[in-house]
Amino acid sequence: MLRLRQVMIDSMDRPDAADTAWHAESLPALRGRLAEPDGDFAAFVVDHPERPGSLAALVVGTIDYRIGKASNPRGLSGYVFSVATDPDARRRGYARACMEELLAWFRERGAGQVLLTASKEAEPLYAALGFVRKPDPAMGLVL
């Protein structure tokens, strides 16, 4: 999973993309979150058909609570991140299959909306699944 997350990070042309030292520190927390059967974190994967023991595609999401609103009274929001397909396994429908499973998981848990950040390359997939681009004035802070 961390290898495919790195594939996604590498595709964003970030200055620190080549740094993989974080993998070792991240792995115990990832394993812990995946071990929670009723948790708010899920990953859906496709095994690589030509490389046993390796993943071809990965989609990860989480559910957050935010105070409700008219369009989402329960306040549960799904957030999609780490959508990645191995470069040699692209254009086979793997990311779509993983996304469809994640969306079903969000629905089962009562999420009223799903958010994600789309690259230009992935936008057609998300649009085909019903996502629309929003004029969101999102900001971030690294702590």
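In what follows, the structure referred to is the one given above.
Keep in mind the model is a prediction, meaning the values are calculated, not measured. (Residues numbered from 1 in each chain as written. Predicted model: local features only at pLDDT ≥ 70, side-chain atom pairs only at ≥ 80, totals over all residues. Heavy atoms only, no water.)

> How would you explain the overall build of the protein if you had to name every residue and give the values?
A tally of helices and strands in the protein yields four helices and four strands. Counting from the amino terminus, the protein carries its helices and strands in the arrangement α-α-β-β-β-α-β-α. Here the protein has a C-alpha radius of gyration of 16 Å; the compact-globule value for 143 residues is 15 Å, and the two agree. For the protein, the spread of C-alpha atoms along the three principal axes comes to 45 × 35 × 35 Å. Per-residue burial for the protein yields a buried fraction of 36% across its 143 residues. The contacts of the protein with a sequence gap of at least 6 include a subset with a gap of at least 24, amounting to 59%. (Helix = DSSP H or I, 4+ residues; strand = E, 2+ residues; numbered from the N terminus. Rg over C-alpha atoms; globule rule 2.2 N^0.38 Å. Buried < 20%, exposed > 50% of the residue type's maximum accessible area, 1.4 Å probe, protein only. Contact = heavy atoms within 4.5 Å.)

> Run through the pairing of strand S4 (residues 113-116), naming residues and quoting values.
Consecutive residues of a regular strand have side chains that alternate between opposite faces of the sheet. Sheet topology places strand S3 (residues 76-85) next to S4; four bridges connect them, and they run parallel. Bridging from a neighbouring strand, Ser 77 pairs with Gln 113 of S4. Since S3 and S4 lie parallel, the crossover through helix H3 (residues 94-108) that links them has a hand, and here it is right-handed. (Pairing = 2+ DSSP bridges. Right-handed = clockwise from strand over helix to strand, strands pointing away.)

> Report on the environment of Leu 103, specifying residues and quantitative values.
Mapped onto the elements, Leu 103 comes out in helix H3. With 10 residues separating them along the chain, Leu 103 and Gln 113 place their C-alpha atoms 9.9 Å apart. Once residues within four sequence positions are removed from consideration, Leu 103 is found in contact with Val 114, Leu 129 and Phe 131.

> How would you summarise unusual backbone geometry if you had to cite specific residues and measurements?
When glycine is set aside, most residues are seen to have a negative phi, and most peptide bonds are trans. Residue Ser 82 is not a glycine yet carries a positive backbone phi of 55 degrees. Mapped onto the secondary structure, Ser 82 falls in strand S3. Positive phi values are uncommon outside glycine, yet Arg 91 reaches one of about 65 degrees. Position of Arg 91 relative to the elements: it lies in the loop between S3 and H3.

> Give me the side chain of His 48: which residues, what numbers.
You can see His 48 is positioned in the loop between strand S1 (41-47) and strand S2 (55-65). Separated by 3.1 Å, the side chains of His 48 and Arg 51 make a polar contact. Discounting residues that sit within four places of it in the chain, His 48 has contacts with Ser 54, Leu 55, Ala 56, Asp 86, Asp 88 and Ala 89. (Polar contact = N/O pair within 3.5 Å; in protein donor to acceptor, adjacent residues only side chain to side chain.)

So yeah, pure geometry; function would need other evidence.
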